[in-house]
Amino acid sequence: MSALRNTLAALALLMGGATAHAEGADQADRITRGQYQAVLGDCMACHTRPGGAPFAGGAPLETPFGRLVPPNITQDPETGIGNWNEADFTRMMRTGIGHGGRRLYPAMPYPAYSMMTDQDIADLWAYMATVQPVRNAVVANQLPFPFNIRLAMWGWNLLNFRPEPFRADPAQSAEWNRGAYLVQGPGHCGSCHTPKNIMGADDTGQALRGASLQGWFAPDITGNSQTGIGGWSQEELVTYLRTGVNTHSVASGPMREAVENSTSRMSDADLRAIAVYLRSLNGTAPPAPQPLAATEPRMQAGGAIYAANCAACHGGEGRGARQLFPALAGNPLLRQANPETLVHLVLAGSQGAQTPGAPTTPAMPSLGWRLNDQQVADVLTYVRNSWGNAAPPVAPHEVAKQRDGEPEKPWALVIGGVVLVCLLVLATALLMRRRRRRHAVA
Amino acid sequence: MLSPPNGSGSRRELLASVTAISLAAGAHAAAARSYSGALPFRTYSADPPRPVLPGAWLFFTQDEAVAVEAMVDRLIPADDLSVGGKEAGCAVFIDRQLAGPYGNSSRLYTRGPFAQGLPTQGYQGEANPAQRYRAGLAAIDSWLKREKNRPFAALPAEEQDAFLTGLDKNEITLPQGGAGFFNLLLQNTMEGFFSDPVYGGNRGMASWRMLGFPGTRYDYRDWVSRHNQRYPQPPVSIMGAAEWSPRAGAAR
């Protein structure tokens, strides 16, 4: 980052005299700050394909409504955002309306980005304007009807989105407020970790309590001691965000990418602020369920499967091995109501995040070939109800669903879409009637 | 012989590929790649063996199968320690092996010259195991029909033992060499009895239970310091154990 800054400053110095120097250094600072904003916002995660050119378009997102492909946001004028100006960019970040009035889908987390300060958005644009143009045409909208009508997002915004700047809580410390800003704003943690309502918008009453996406369950990250990170110390949480691994857990799935591209590159001060804020969120959670009796057939089978397949790394008593194999005893990830992530890990295997602080990337092998659906369900039921854990049992059909790789088609969401279209039609009709009336009066 | 049927590489293959890679690397230094970042990893990656399925004989004729089943039951007779070789599936194991790459020696160098090797060098002949079984069983059958007027399976147990002992001590000679075939059969029977049930023998992990061998477990840290205590876990096959599916009730 500082290399970039020095180069830019040197360039400015070469190009002009003393005044230009001051201006150039200022611009260099802005670009450097903007690059950090891109890290905070983790633009890379969606807008870069694995192995692809930075920001030249990402891998498809399988949303419950259909497929969206994150577009090319390099400075290429035809296939990227090279013909955008700063005003276009600011409006997009604040309102979800892009260049030429095109409405973005909220898979782009503009409801979160809209909280960013003017300064941060301006800095981010200064950086984005320096991104190497790459020609790569992306068909972003691959949603089926009726979701492919971008205008529908007008109605969606009306119902789900109020563009508001971040409001600091004067009763809290500056560090807490910085953490709240990062989590709610640029870091858009809620995009994955907050449950969605029928229309795919954040259910703000359940903020950060855990949500399902793309075959993974992004766990509760509030300070809840049962399912959240309440049992982690401030330092443990910071270590997890910086390295992707701590005594309790190893980042997997989409969080692995978030750690590699974003949190591991954040400043320690920002990580500490995030930890302070998350740990302070202590929503009332339903009381923990009673663990299943160890004599249950599912628990007996699960115990036998665990001893032969899992205990070698995670330990006979689920204690794991520090920084290498996560402990399962007292691990909140195991206690989430939704076992999707656990099923995914057992069936497919997983590799930890690769960060400067944890470069060895320990991995868990796939066990899908060895365990049938019932056995995967039973071993998960066992670990979810052993060594102090307590969580609902896992059913074989929850495993079968993932093994087939078929994303669930939630009918609620489809019905939600239809309701949305009806609402839109209604709103349009109302508007036209009102206009006609106004005309009549005139 | 214990390698999985779909093969994940013998030592010979490894050596050959290392040589090939070294040569290739030497010839095209520019093609060398350096890796950085995360170690290579793929989700859902696994190379499991294909479990042997029960069913019709794949290599043996019906008569051959009856004879081999009778022979493995004399080599490992049922007693109060374990089931016999037939019930443990040794003949099924041998049948499936002979029908696969072991039977046709597809993973060995099998061209001449075929010199008389030293005893320490093992079998050096031209015939592959499948051919040796076919010829050996035919020779036994014709010898017994000539001398005893009965096939092997129809002999009383004592006469079966006497015949096998005669083969072993080279007192009964076959065109292919009696002791040679006997040793091959004995070797394969033991392999079938003790190898993982996934290959068709060791049914119900009978031999492992007899020995107290825990199977494909690979971590005993919790027991390292527990001296003079019996290891409590039952054996586990590559494809699992009956305890994993108590409700299915089906033991492997």
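Sequence order as written defines residue numbering, which begins from 1 separately in each chain. Chains carry letters from A onward and ligands carry numbers from 1 onward, assigned in written order. Whole-chain, interface and lining totals are the exception, using all residues; otherwise, since this is a predicted model, local features are given only for residues with pLDDT of at least 70 and side-chain atom pairs are given and counted only at 80 or more.

Participant: Tell me about the overall build of chain B, and please be specific about residues and values.
Facilitator: Numbering of helices and strands runs from the N terminus, with a helix taken as a DSSP run of H or I at least four residues long and a strand as a DSSP run of E at least two residues long. Secondary structure assignment for chain B yields 7 helices and 0 strands. Beginning at the N terminus, the succession of helices and strands in chain B can be written as α-α-α-α-α-α-α. Exposure classes come from backbone-placed C-beta atoms, where a residue is buried if 20 or more other C-beta atoms lie within 10 Å of its own, exposed if 12 or fewer do, and partly exposed in between. Residues classed as buried in chain B amount to 27% of the 252 residues present. Think of it this way: build a C-beta for each residue from its backbone, and any pair within 7 Å is a contact. Residue pairs at least 24 apart in sequence account for 59% of intrachain contacts in chain B once pairs closer than 6 positions are excluded.

Participant: Describe the environment of Arg102(A), with residues and values.
Facilitator: Residues and elements named next belong to chain A. Within the element layout of this structure, arginine 102 appears in the loop between helix H4 (86-95) and helix H5 (110-113). Owing to 14 C-beta atoms within 10 Å, arginine 102 belongs among the partly exposed residues under this scheme. Residues arginine 102 and valine 131 lie 29 residues apart in sequence; the distance between their C-alpha atoms is 22 Å.

Participant: I'd like a description of the nonpolar core, backed by residues and values.
Facilitator: Residue and element names in this part refer to chain A. In terms of nonpolar packing, the biggest core is built from 64 residues, with Leu237, Ile274 and Leu278 touching the most fellow members. In terms of residue count, the dominant contributor to this core is helix H12 (residues 268-280) (7 residues). Isoleucine 274 has contacts with Gly179, Leu182, Val183 and Leu241, leaving out every residue within four places of it along the chain. Throughout this description, the term nonpolar core refers to a group of buried Ala, Val, Leu, Ile, Met, Phe, Trp, Tyr and Cys residues whose C-beta atoms join them within 7 Å.

Participant: For the sheet that holds strand E1 (residues 61-63) of chain A, give the residues involved together with the corresponding values.
Facilitator: Residue and element names in this part refer to chain A. We treat two strands as partners when DSSP finds at least two bridges between them. Taken together, 3 strands build an open sheet; the order of strands is E1-E2-E3 and the sheet is antiparallel. Strand pairing shows two members of the sheet lacking a second neighbour, E1 and strand E3 (141-142), which therefore form its edges. One ladder, built from 3 bridges, connects E1 with strand E2 (residues 66-68); its direction is antiparallel. Opposite leucine 61, over in E2, you have leucine 68 as the bridge partner.

Participant: Could you give an account of the interface of chain B and chain A, with specific residues and numbers?
Facilitator: Contacts between the two partners involve 23 residues from chain B and, on the opposite side, 22 residues from chain A. Classes in brief: Ala, Val, Leu, Ile, Met, Phe, Trp, Tyr, Cys and Pro nonpolar; Asp, Glu, Lys and Arg charged; the others, Gly included, polar. When the residues that make up the side of chain B that touches chain A are grouped by side-chain class, the tally is 12 nonpolar, 6 polar and 5 charged.

Participant: Which residues make up helix H10 (residues 234-243) of chain A, and what are the values?
Facilitator: Residues and elements named next belong to chain A. With 7 of its 10 residues buried, H10 lies for the most part within the structure. Buried residues of H10: Leu237, Val238, Thr239, Tyr240, Leu241, Arg242 and Thr243, and no others. Within two residues after H10, glycine 244 carries a phi angle of roughly 85 degrees, on the positive side.

Participant: Give a description of the confidence of the model for chain A that names residues and reports values.
Facilitator: What pLDDT expresses is the predictor's confidence in each residue, scored from 0 to 100. This prediction gives chain A a mean pLDDT of 86; 86% of its residues lie at or above 70. Segment residues 11-15 of chain A is flagged for pLDDT under 50; beyond a separation of four residues in sequence, or across chains, it makes 9 contacts in the model.

Participant: Summarise helix H3 (residues 90-99) of chain B; cite the residues concerned and give the values.
Facilitator: Helical geometry note: an α-helix holds 3.6 residues per turn, so side chains three or four residues apart project in the same direction. Residue and element names in this part refer to chain B. For H3, a buried count of 9 out of 10 residues is recorded, marking the element as mostly surrounded by other parts of the structure. For H3, every residue scored as buried is listed here: Cys90, Ala91, Val92, Phe93, Ile94, Asp95, Arg96, Gln97 and Leu98. Residues of H3 that are buried sit in contact with helix H2 (62-75), helix H4 (129-147) and helix H6 (178-194).

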